[in-house]
Amino acid sequence: MKKWTVLFPLFSIFFLLWIEQGIEVSYVWKTLAKILVFVVFPVVILRSFTFNFLQIRKTQKNSIYIALGLGLVRGRYNYKYVYVVE
């Protein structure tokens, strides 16, 4: 796992630099490459690892509801501030 945490960011940086500067593709292809590098690759690689600290079933539902509610309230506030005030 330690090697992966060092090699993956380096691979991602060089891959995206190559796409940006080397082959000069359109915005759509750049966006698809970023999705591939930052979403698909980690999901595929991390599927084989187990994380003991992420035990969702043992989390109290009340804490999840509080966090979700506060996130929605904060998101609503940010939306209101950015789009309504300006």
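No experiment lies behind these values; they were computed from the predicted model shown.

Caption draft 1: Local environment of the environment of Lys-30. Residue placement: Lys-30 occurs in helix H2 (residues 27-46). A C-alpha to C-alpha distance of 7.9 Å links Lys-30 and Leu-16, two positions 14 residues apart in sequence. Ignoring anything within four residues of it in the chain, the contact list for Lys-30 reads Ile-19, Glu-20 and Val-25.

Caption draft 2: Just a nonpolar patch on the surface, in detail. A surface patch of nonpolar side chains, amounting to about 920 Å² of accessible area, comprises Val-28, Trp-29, Leu-32, Ile-35, Leu-36, Phe-38, Val-39, Val-40, Val-43 and Val-44. By the secondary structure assignment, Trp-29 is in helix H2. Judged by relative accessible area, Trp-29 falls into the exposed class, the value being 56%.

Caption draft 3: Region of the structure containing the pattern of salt bridges. Enumeration according to the criterion identifies 1 salt bridge in this entry. In this structure, Lys-30 and Glu-20 form a salt bridge, with 3.6 Å as the shortest nitrogen-oxygen distance. Within this pair, whereas Lys-30 is found in helix H2, its partner Glu-20 is found in helix H1 (residues 2-22), the two being separated by 10 residues in sequence. On the basis of relative accessibility, which here comes to 30%, the residue Glu-20 falls in the partly exposed class.

Caption draft 4: Main features of the side chain of Ser-12. Within the fold, Ser-12 resides in helix H1. Not counting residues within four places of it along the chain, the set of residues in contact with Ser-12 comprises Val-37 and Phe-38.

What counts, and where the lines are drawn
Residues numbered from 1 in each chain as written. Predicted model: local features only at pLDDT ≥ 70, side-chain atom pairs only at ≥ 80, totals over all residues. Heavy atoms only, no water. Helix = DSSP H or I, 4+ residues; strand = E, 2+ residues; numbered from the N terminus. Contact = heavy atoms within 4.5 Å. Patch = residues over 30% accessible without salt bridge, like charges linked within 9 Å, V, L, I, M, F, W, Y side chains within 5 Å. Areas by Shrake-Rupley, 256 points an atom, 1.4 Å probe, with all protein chains shown as cover. Salt bridge = Lys/Arg side-chain N within 4 Å of Asp/Glu carboxyl O. Buried < 20%, exposed > 50% of the residue type's maximum accessible area, 1.4 Å probe, protein only.

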